[in-house]
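Next come the chains, spelled out residue by residue.
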Amino acid sequence: MDQKRLFAAIALSILIVLGFELWKRETTPTPDPAPAVASQQTTPGADTPTVAPAAPGTAAAAQAAAANRPPAERLKIESPRVAGSLSLRGARLDDLILKDYHETTSKLSPNVRLFATRDEAEPYYAQWGWTAADGRTRVPDNESDWTAEGGPLAPGKPVTLSWDNGQGQIFQIVLGLDENYMFTVDQRLVNNGAEAVSVLPWTRIRRETTPQVSGFYILHEGFVGVLDGRLYETTYKSAKDTGPEQRGVVMERQTNGGWAGFTDKYWLTAINPIDAAQPMSASWRHVPDGWQDRWQVDFAPPAAQQVAAGATGSLGTRVFAGAKEVHLLDRYQDDLHITDFDKAIDFGMFYFLTKPFFYALDWLYRQFGNFGIAILVFTVFLKAVFFPLASKAYKSMERMKMLAPKMTEVRERYKDDPAKAQAEMMALYKTEKVNPASGCLPILIQIPVFFALYKVLFVTIEMRHAPFFGWIHDLSAPDPTNLFTLFGTIPWDPPAMLHMPVWAIIMGVTMFLQQKMNPTPPDPIQAKIFAWMPVIFTFMLASFPAGLVIYWSWNNLLSVAQQAWIGRHERRERAQAIKLAKAKR
């Protein structure tokens, strides 16, 4: 294989991937903030997974009555990791903050808010209810006021919500919460009437606006779920394109067990049936409503429940609402038998590398107390693992440097006969026992490692707001310093393309040093391209997570040291061999 072509192809591939990533960051539009949504839903049938029973009176009368009602009572939620409340009007979990996470690196910044009420700018909530499959049973709706027995809702302190329909049936929702982010719900219908009733219990999670997404092609945000052992992912854009063709249903699957919900970069809300053997119908819905889009995930039995007189019907589900912590999702997956729950984290196509890398970095973090140091130590470990392979590659590159004068001589001698020149070059490689392609191995090895580590830094919440030293307060965010403001001394906000931080400069310098130790491509055009590579990569990686740039810089330094040691050792061995050959003459 022609070494220069392979190098060029590898470099071009990396440039295309990194260039596309940079282009996506700068061209992805930021959605305008949506105005507050009114408390009363106006889209018929949009509030239930199936057709809801008609409310008595006109819509105007219902709205007027709702306006004159007292504010809804709320059930407080107290937990070591979450706080908030549940609306007793409509049985909605619509107020939830995460105590362990802040919006910025400052501990004084507000806590991350996951769920929000319907009178706020971005309503987001979980809800439980029933649909009257028999068309005559009165079921609770969005305006039904529930009564709570117990409270506040806390770990080990469940709460029971009740609503009497006045026809002999009592609806109950028994809510529980663990010490993290998992809510358990038992929906019960106690039939004290004289006749059997037919109802369909359901659980849903709803977003009444389209959330702002990061816009990175390596990160999935939107609908996510594992149903019957298969991972499904759909972005909001794809769902919007699909929904109208299927009356708002983006996807619907019959499943045993599994889970489905919404994923953001670091946060997840998902529904999961408690009984994995319980057949369920899961659906993702896009409900357009004028200027805004609404999104919904539903879980319900595939058929209505028939509840005889004097009997009780029930359905058990869970709702996860919290941070996508790797160890926590793994524990839920094992203890609660939630299939592939860890795939809520977008580990990507290099899952087989990305997740072990996370475990290694997390273990090192526990030893050193700093994720930045963990990255440095982990890079040394990777270098040690690949040392035998890299050693052969660097030896080959060193021999190529020594052969450079002979290669130039061959090209000059046969400059009018390229085929002959190529044949002579191959003969020279064979005589000197040099494989021109082996020098590419360090780059080939580094590519999957680079992207796997990029994923770990970018998608795992454990890296969010993780400090290093000095000015690096968040390894998952770009280095905030900038050469074009003289590192903060000039009060100027340059465009994104002129962001040139300290660590990117360090990376560029180390890449330049490493390149100088490699054989110069004989083709002048390729030599110029490779000479500009450190500059190009410096600008491209300037906006990447600081942890990744630190890894690349440190990896370059280790490569320079390793290559220098191997080169010195190779030259010494070659000198001894020449000396020994002369002595035998």
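Since this is a predicted model, take the numbers as computed values, not measurements. (Residues numbered from 1 in each chain as written. Predicted model: local features only at pLDDT ≥ 70, side-chain atom pairs only at ≥ 80, totals over all residues. Heavy atoms only, no water.)

1. Some points on the overall build of the chain
- For the chain, the count of helices and strands is 12 helices and 19 strands.
- About 27600 Å² of surface is accessible on the chain, with carbon and sulfur atoms providing 59% of the total. (Helix = DSSP H or I, 4+ residues; strand = E, 2+ residues; numbered from the N terminus. Areas by Shrake-Rupley, 256 points an atom, 1.4 Å probe, with all protein chains shown as cover.)

2. Thoughts on the pattern of salt bridges
- Within this structure, the stated rule accounts for 23 salt bridges.
- We note a salt bridge from Asp186 to Arg188, for which the minimum N-O separation is 2.8 Å.
- In this structure Asp186 comes out as partly exposed when scored by relative accessible area, which is 21%.
- Classification of Arg188 by relative accessible area gives partly exposed; the value is 31%.
- If you follow the salt bridges from partner to partner, you end up with Arg74, Arg92 and Asp94 in one network. (Salt bridge = Lys/Arg side-chain N within 4 Å of Asp/Glu carboxyl O. Buried < 20%, exposed > 50% of the residue type's maximum accessible area, 1.4 Å probe, protein only.)

3. Section: the packing of helix 5 (residues 351-368) against helix 6 (residues 371-385)
- Contact geometry of helix 5 with helix 6 gives a least axis separation of 8 Å together with a crossing angle of 125°. Between helix 5 and helix 6, the angle is such that the two are oblique. Relative to helix 6, helix 5 is oriented so that their crossing is right-handed. Within the contact between the two elements, helix 5 uses Phe357, Ala360, Leu361, Asp362, Leu364, Tyr365 and Phe368 and helix 6 uses Phe371, Ile373, Ala374, Ile375, Val377, Phe378 and Leu382. (Axes fitted to C-alpha atoms, helices over the stretch in contact; angles between N-to-C directions. Parallel < 35°, antiparallel > 145°, perpendicular 65-115°, else oblique. Left-handed = near helix turned anticlockwise from the far one by under 90°. Contact = heavy atoms within 4.5 Å.)

4. A short note on the nonpolar core
- Judged by nonpolar contacts, the single largest core of 117 residues is most densely connected at Leu161 and Phe341.
- Non-local contacts of Leu161, meaning those with residues more than four positions away in its chain, are made with Leu75, Leu86, Leu88, Ala91, Trp146, Thr147, Ala148, Phe171, Gln172, Ile173 and Leu175.
- With 10 residues, the next largest nonpolar core counts Val410, Tyr414, Ala421 and Tyr429 among its residues. (Core = buried A, V, L, I, M, F, W, Y, C linked by side-chain atoms within 4.5 Å.)

5. Quick word on the UniProt feature "transmembrane region" (unreviewed entry) in the chain
- The positions UniProt marks with the feature "transmembrane region" (unreviewed entry) are residues 371-391, 440-461, 496-513 and 529-554.
- Structurally, residues 371-391 is divided into 95% helix and 0% strand, and its ends, taken at the C-alpha atoms, are 28 Å apart.
- Secondary structure across residues 496-513 comprises 67% helix and 0% strand; the distance between its end C-alpha atoms is 27 Å. (UniProt positions renumbered as here; feature names shortened; annotations may be inferred.)

6. Brief notes about the packing of aromatic side chains
- Enumeration over the complete set of coordinates arrives at 29 aromatic pairs.
- Between Tyr266 and Trp267, the aromatic rings sit 6.1 Å apart at their centres with planes inclined by 65°, giving edge-to-face as the arrangement.
- Its relative accessible area of 12% is what places Trp267 among the buried residues.
- Ring plane angle 50° and centroid distance 6.5 Å describe the contact between Phe387 and Trp565, whose orientation is recorded as tilted. Taken together, the residues Phe387 in helix 7 (residues 387-413) and Trp565 in helix 12 (residues 546-584) connect sequence positions 178 residues apart.
- By relative accessible area, which is 46% here, Trp565 ends up partly exposed.
- An aromatic cluster is present here, built from Phe115, Tyr124, Phe223, Tyr236, Phe262, Trp284 and Trp295 joined pairwise through their rings.
- Over the ring of Phe458 we find Lys265, and its NZ or CZ is 3.9 Å from the ring centre. (Phe/Tyr/Trp six-rings, centres within 6.5 Å; stacked < 30°, edge-to-face > 60°. Lys NZ or Arg CZ within 6 Å of the ring centre and 35° of its normal.)

7. Some words on the pairing of strand 10 (residues 197-207)
- Burial of strand 10 is extensive: 11 of the 11 residues sit out of reach of the surface.
- Going residue by residue along strand 10, you find Val197, Val199, Pro201, Thr203, Ile205 and Arg207 tucked away on one face and Ser198, Leu200, Trp202, Arg204 and Arg206 tucked away on the opposite face as well.
- Across 9 bridges, strand 5 (residues 124-132) lies against strand 10 in antiparallel orientation. Looking at the pairing, Ala132 lines up with Val199 of strand 10.
- In terms of strand pairing, strand 10 meets strand 18 (residues 305-307) through 3 bridges, oriented antiparallel. Along strand 18, the bridge assignment pairs Val199 with Gln305.
- Here strand 10 runs beside strand 17 (residues 292-300); their pairing, made up of 5 bridges, is antiparallel. (Pairing = 2+ DSSP bridges.)

8. Describing the confidence of the model for the chain
- Looking at the chain, pLDDT values average 83 and 84% of them are 70 or higher.
- Per-residue pLDDT stays below 50 along residues 20-46; that stretch engages in 59 contacts with residues further than four places along the chain or on separate chains.
- This model gives residues 48-59 a pLDDT under 50, and the stretch forms 13 contacts once residues within four places in sequence are excluded. (pLDDT = per-residue confidence, 0-100.)

9. Looking at unusual backbone geometry
- Cis geometry marks the peptide bond from Gly151 to Pro152; its omega dihedral reads 0°.
- Positive phi, close to 50°, is recorded for Asp340, a residue that is not glycine.
- Positive phi, close to 60°, is recorded for His465, a residue that is not glycine.
- The partly exposed category is assigned to His465, whose relative accessible area is 21%.

10. Describing the environment of Val459
- Looking at the secondary structure, you find Val459 in helix 9 (residues 441-459).
- Taking the C-alpha atoms as reference points, Val459 and His220, 239 residues apart in sequence, are found 9.6 Å from one another.
- Those residues in contact with Val459, other than ones at most four positions away along the chain, are Leu219, Lys265, Tyr266, Ile345 and Asp346.

11. Regarding the side chain of His499
- One can find His499 in the loop between helix 9 and helix 10 (502-516).
- From its side chain, His499 meets the backbone oxygen of Asp479 in a polar contact 2.8 Å long.
- Not counting chain neighbours up to four residues away, the residues in contact with His499 comprise Pro478, Asp479, Pro480, Thr481, Asn482 and Ala542. (Polar contact = N/O pair within 3.5 Å; in protein donor to acceptor, adjacent residues only side chain to side chain.)

12. What about the packing of helix 4 (residues 326-335) against helix 5?
- With their axes 11 Å apart at the nearest point, helix 4 and helix 5 run at an angle of 120° to one another. As summarised for this structure, helix 4 and helix 5 are arranged oblique, according to the angle between their axes. Contacts from Val326, His327 and Asp330 of helix 4 reach helix 5 at Lys355, Phe358, Tyr359, Asp362 and Arg366.
- Grouping the amino acids of the contact of helix 4 with helix 5 by side-chain chemistry returns 3 nonpolar, 1 polar and 4 charged. (Nonpolar A, V, L, I, M, F, W, Y, C, P; charged D, E, K, R; others polar.)

13. Things to note about helix 6
- With 15 residues, helix 6 should reach 21 Å at 1.5 Å per residue; the first-to-last C-alpha distance of 21 Å fits that figure.
- When helix 6 is considered as a whole, its buried residues turn out to be Phe371, Gly372, Ala374, Ile375, Phe378, Thr379, Leu382 and Lys383.
- You can read the cap of helix 6 off the contacts: a side-chain oxygen lies 2.7 Å from the backbone nitrogen of Gly372, and it is on Asn370. (Expected span 1.5 Å × (residues − 1).)

14. Structural notes on the sheet that holds strand 9 (residues 182-191)
- With respect to topology, 9 strands assemble into an open sheet ordered 6-7-8-9-19-15-14-11-12, the strand pairing being antiparallel. The open sheet has two free edges, formed respectively by strand 6 (147-149) and strand 12 (230-235), since each of these has just one partner strand. Adjacent strand axes in the sheet meet at a mean angle of 20°, parallel and antiparallel pairs treated alike.
- Bridge analysis of strand 8 (residues 169-177) against strand 9 gives 9 bridges, and the strand direction is antiparallel. Across the sheet, Ile173 pairs through a bridge with Gln187, a residue of strand 9.

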